[in-house]
Each structure stands twice: as C-alpha cells, then as structure tokens.
Amino acid sequence: MKLSLKRIFKNLLYILGILLLGVIVMYFIPLTPSSELVELSKESQKEYSDYTKNDSLIVLVDYSYPVFMKRFWVYNLKTDKVVLNTHVSHSWKSGLVFATQFSNTPGSNLSSTGVIRISEKYHGKYGPSLRLDGLETNNNKIRERAIVIHPLVDIRLYGIKIPSEIALYSSGCFVLNNKIIERVRNLCHDGTLMVVVN
C-alpha cells in the first residue's frame, strides 16, 4: 500500500509539532535537583568549607538536562529547599542539546564541571557578573579562562532581536536570564559554592 507524499509530510509535521510542544512545555516547567546532586552538594560544602563564607546556600547546575530546561538552582542546605530555579547556558561547543564535552584548557571555549567558588561581584562587558574560581584539577583554570556568571546580552540574528530571556549557549560561561542575574548576585557571592555535574 503506497502512502502519498502529502500524507507522509502531514504526519511528519504532526510529529514535529508534538516534539516542539514538548520542548516548549519543558522550557517552562520548574525542576528540583536530584537527591544525588543534593547529597553531593552537602558533601562538597563540608569538604570545601575553608573556601566558602556562605554555609547555607549553594548553587547547583545539572548538565544532564537539555539546554532548554531549568537546570540551575540556588539551594538552601539548611531548609533543603530550592530558593531559585532557572535556565543556564552551556558552551555551544559542548553540545547542541546536551552538554557532553568539557575542558579546563584555556581557549577551548568548552563548559566546565566540578566544584567552583563564586567569588567577587563585578561589572563587565556583559553587565553585572560574578567571577569564579575552580577548586578541582578539572576546573582550576576557570579564572584564567575568564569563565564567569553573566547576563545574556541582546543579540541580533539577521536583524531580528533574540529575547534576552533565552540563555542557551555561551563560549563556556554560565549565562543567566537578565531578570535573574541581580538576584543571583545578591544571594551568591564572595564564597558561595557551585557544584556543576553532567
């Protein structure tokens, strides 16, 4: 039995529509960090207590989730509650949908994982930002690589402004929504730990 091209095309559009709807729904759904990530963060907070001044809050990033999901959390270790959940970018070279390649090499433009110390606030070329210091051998060149937390700058693609609420990709930095960055800067600076996993 032959299927007409029109019917095949219609079915493909239907499938693509369902997939797109799923992506849109996942974009808006808040997530909670996995129990394994929360446990790892508590262990990291104890192990790196000499490097932190903030023993109640920790930042968690889980790159096992796709780029369009809310995979950045500010987590309260005392109350075991999520304070903030939002989107965060990964390097465009680390993967299209999932971040799968990571590096500590300067000039690699890849994302980094591991335990990181959020350090001082500053105002850089992208606006209000936070400097980072890697605490493990797989990320100890983060400052040298100028990997920071910063807001998304407005970009134009063929003259069309891309909304600054959508932070998908970077050159290795942790890019956050412009509306969230000040809240993160006020909660997490000068010694808050960040645990990044994949």
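This text follows the structure it describes.
This text gives an overview of the structure that appears in the document. For clarity, every value in this text was computed on a predicted model and none was experimentally measured. Starting from 1, residues in each chain are numbered consecutively following that chain's sequence as written. Two thresholds apply to this predicted model, a pLDDT of at least 70 for residue-level local features and 80 or more for giving and counting side-chain atom pairs, whereas whole-chain, interface and lining totals are computed over all residues. Based on all heavy atoms of the structure, the side-chain values leave hydrogens and waters out of the count.

1. Section: the nonpolar core
We call a set of buried residues a nonpolar core when its members are Ala, Val, Leu, Ile, Met, Phe, Trp, Tyr or Cys and they connect through side-chain atoms within 4.5 Å of each other. For the exposure calls, accessible area comes from a 1.4 Å probe over protein chains only, and a residue counts as buried if that area is under 20% of its type's maximum, exposed if over 50%, partly exposed in between. Ranked by internal contacts, the top residues of the largest apolar core, which has 24 residues, are Phe72, Leu132, Ile149, Phe174 and Met194. For this core, the secondary structure elements donating two or more residues are strand E1 (57-62), strand E2 (72-76), strand E5 (114-124), strand E6 (127-134), strand E11 (174-176), helix H3 (181-187) and strand E12 (192-197). Every helix listed is a DSSP run of H or I at least four residues long, and every strand listed is a run of E at least two residues long, numbered separately from the N terminus. The greatest single-element share of this core, amounting to three residues, is contributed by E1. Excluding residues within four positions of it along the chain, phenylalanine 174 makes contact with Tyr63, Val88, Ser89, Ser112, Ile116, Leu132, Ile147, Val148, Ile149, His150, Met194 and Val196. In terms of nonpolar packing, the next biggest core, distinct from the first, is built from 17 residues, Ile58, Val67, Tyr75 and Val197 among them. We call two residues in contact when some of their heavy atoms are within 4.5 Å.

2. With respect to the packing of aromatic side chains
Any pair of Phe, Tyr and Trp rings, taking the six-membered ring for Trp, is counted once the centres come within 6.5 Å. Such a pair is stacked with planes under 30 degrees apart, edge-to-face with planes over 60 apart, and tilted for the rest. The tally for this structure, following the rule as stated, stands at four aromatic pairs. Seen in terms of ring centroids, tyrosine 63 and phenylalanine 174 are 6.4 Å apart; in terms of plane orientation they differ by 5°. Their pairing is stacked. Pair noted here: tyrosine 63 is in the loop between E1 and E2 and phenylalanine 174 is in strand E11, with a separation of 111 residues, a long-range link. Ring plane angle 65° and centroid distance 6.2 Å describe the contact between tyrosine 65 and tryptophan 73, whose orientation is recorded as edge-to-face. Its relative accessible area of 0% is what places tryptophan 73 among the buried residues. Ring pairing ties together the aromatic residues Tyr63, Phe102 and Phe174, which thus form one cluster. In this structure, arginine 131 is placed above the aromatic ring of tyrosine 122, and the distance from its NZ or CZ to the ring centre is 3.8 Å. Charges are assigned to positions over rings by a cutoff of 6 Å between ring centre and Lys NZ or Arg CZ, combined with an angular limit of 35 degrees from the ring normal.

3. Section: unusual backbone geometry
Residues apart from glycine generally show negative phi values, whereas peptide bonds are mostly found in trans. Within the chain, aspartate 80 stands out as a residue other than glycine whose phi angle is a positive 55°. Structurally, aspartate 80 is set in the loop between E2 and strand E3 (81-86). Located in the positive-phi region is asparagine 109, a residue other than glycine, with phi close to 55°. For asparagine 109, the location among the structural elements is in the loop between strand E4 (90-91) and E5. Here asparagine 109 falls in the partly exposed class, since its relative accessible area comes to 31%.

4. A look at the side chain of arginine 117
Mapped onto the secondary structure, arginine 117 falls in strand E5. We note that arginine 117 is buried and unpaired, the nearest opposite charge coming from aspartate 133 at a distance of 4.3 Å. Of note is the side chain of arginine 117, whose polar atom sits 2.6 Å from the backbone oxygen of tyrosine 51. Between N or O atoms, a polar contact is any pair within 3.5 Å; within protein, one atom must be a potential hydrogen donor and the other a potential acceptor, and residues adjacent in sequence are included only when both atoms are from side chains. A polar side-chain atom of arginine 117 sits 3.0 Å from a polar atom in the side chain of serine 119. Beyond its immediate sequence surroundings of up to four residues, arginine 117 is in contact with Tyr51, Lys53, Arg131, Leu132, Asp133, Leu135, Asp190, Gly191, Thr192 and Leu193. Counting rule applied: Lys, Arg positive; Asp, Glu negative; His and chain ends not counted. Salt-bridge detection follows one rule: a side-chain nitrogen of Lys or Arg within 4 Å of a carboxyl oxygen of Asp or Glu.

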